[in-house]
Amino acid sequence: MTLRDQAYDTFTEQLLNREISLGQFVSQRELVKLTGMPLGAIREMIPRLEADGLIRPVPNRGLQIMQADLGIIRNAFQLRSVLEREAVRTFVTVASDAELAELRERHLAIRAEAAGGVTPELLARAQQMDWNMHDRMIDALGNDLISSIYRTNSIKIRLIRNEDTRMLPELVVSVMDEHLALIDALETRDPDKAEAALNAHLDSAIQRVVRI
């Protein structure tokens, strides 16, 4: 990885870990301190962050981290929906029976644990499994450009969720049930059923966001 790529990854990790707040103003030198990367790498990283919509320059104030307004929420979820609908129709044909069985087993195990009480560690595992499943479906398209666009958009969605709508303890069981319904549809090998189950899951996700 280049220093610019390392700086980008460190910056986004800091964002997702809430070391940097949405809407916060930062200078290049503050980014050096936050990421531990040299100034040259920070300067090379900034155009990529601007292009990805994660920061914007504000005259006389510095660089402002993205804000989670309704426009960002709508655009991010619309892009997610477009990409995932295409992806699930491919994934339903390429995922092996063994992979789907493993996904089902892992979701059932998380659901069973959650029914007995949700710990922070279980919550983190459930959230990671959620993200991993969606990433896997996108990667099934075998298109590096789509995977890259999706992951950048995913950062925005995760930041939005980090503000008010991340997977809360009381939502773990319902999200696992939505995923299990999607796995049921995937196991039929019917693209239309898989897309319908995905749409139901994504509709629930956006509803959780627009409640804020």
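Peer 1: An account of helix α1 (residues 3-16) is needed here, citing residue identities and associated values.
Peer 2: Between its first and last C-alpha atoms α1 spans 20 Å; for 14 residues at 1.5 Å apiece the expected length is 20 Å, and the two agree. Taken residue by residue, α1 has Ala7, Tyr8, Phe11, Thr12, Gln14 and Leu15 as its buried positions. Looking down the long axis of α1, one finds its buried residues gathered within 155 degrees of arc, a one-sided arrangement. Positive phi shows up at Arg18, right after α1, with a value of about 65 degrees.

Peer 1: Please give an account of the packing of helix α6 (residues 120-139) against helix α8 (residues 172-187) that cites residues and values.
Peer 2: Two numbers describe how α6 lies on α8: the axes approach to 11 Å, and their chain directions differ by 30 degrees. Judged by the inter-axis angle, α6 sits roughly parallel to α8. Between α6 and α8 lies a crossing whose hand is left-handed. Between α6 and α8, the contacting residues are Leu123, Ala126, Met129, Asp130, Met133, His134 and Met137 on the first element and Val172, Val175, Met176, His179, Leu182, Ile183 and Leu186 on the second.

Peer 1: Account for unusual backbone geometry, with residues named and values stated.
Peer 2: Residue Arg18 is not a glycine yet carries a positive backbone phi of 65 degrees. Residue Arg18 is classed as partly exposed on the basis of its relative accessible area of 44%. Residue Arg189 is not a glycine yet carries a positive backbone phi of 65 degrees. Relative to the assigned elements, Arg189 resides in the loop between α8 and α9 (191-210).

Peer 1: An account of the pattern of salt bridges is requested, with residue identities and associated values reported.
Peer 2: Within this structure, the stated rule accounts for 16 salt bridges. With a shortest N-O distance of 2.7 Å, Arg189 and Asp97 are connected by a salt bridge. You can see Arg189 sitting in the loop between α8 and α9 and its partner Asp97 sitting in helix α5 (residues 97-115), a full 92 residues away along the chain. One salt bridge connects Arg136 with Glu99, and the closest N-O pair in it is separated by 2.7 Å. Of the two residues, Arg136 is situated in helix α6 and Glu99 in helix α5; the sequence distance between them amounts to 37 residues. Through salt bridges with shared partners, a single network forms among Arg4, Asp5, Arg48 and Asp52.

Peer 1: Describe in detail the packing of α5 against α6, supporting the description with residues and values.
Peer 2: Put simply, α5 and α6 touch, their axes get as near as 10 Å, and they point 155 degrees apart. With respect to α6, the element α5 is oriented roughly antiparallel. In the packing of α5 onto α6, the handedness of the crossing is left-handed. Contacts from Glu99, Leu103, Arg106, His107, Ile110, Glu113 and Ala114 of α5 reach α6 at Leu122, Arg125, Ala126, Met129, Met133 and Arg136. Looking at the contact of α5 with α6 residue by residue, the classes come out as seven nonpolar, one polar and five charged.

The rules behind the values
Residues numbered from 1 in each chain as written. Predicted model: local features only at pLDDT ≥ 70, side-chain atom pairs only at ≥ 80, totals over all residues. Heavy atoms only, no water. Helix = DSSP H or I, 4+ residues; strand = E, 2+ residues; numbered from the N terminus. Expected span 1.5 Å × (residues − 1). Buried < 20%, exposed > 50% of the residue type's maximum accessible area, 1.4 Å probe, protein only. Arc of directions from axis to C-beta. Axes fitted to C-alpha atoms, helices over the stretch in contact; angles between N-to-C directions. Parallel < 35°, antiparallel > 145°, perpendicular 65-115°, else oblique. Left-handed = near helix turned anticlockwise from the far one by under 90°. Contact = heavy atoms within 4.5 Å. Salt bridge = Lys/Arg side-chain N within 4 Å of Asp/Glu carboxyl O. Nonpolar A, V, L, I, M, F, W, Y, C, P; charged D, E, K, R; others polar.

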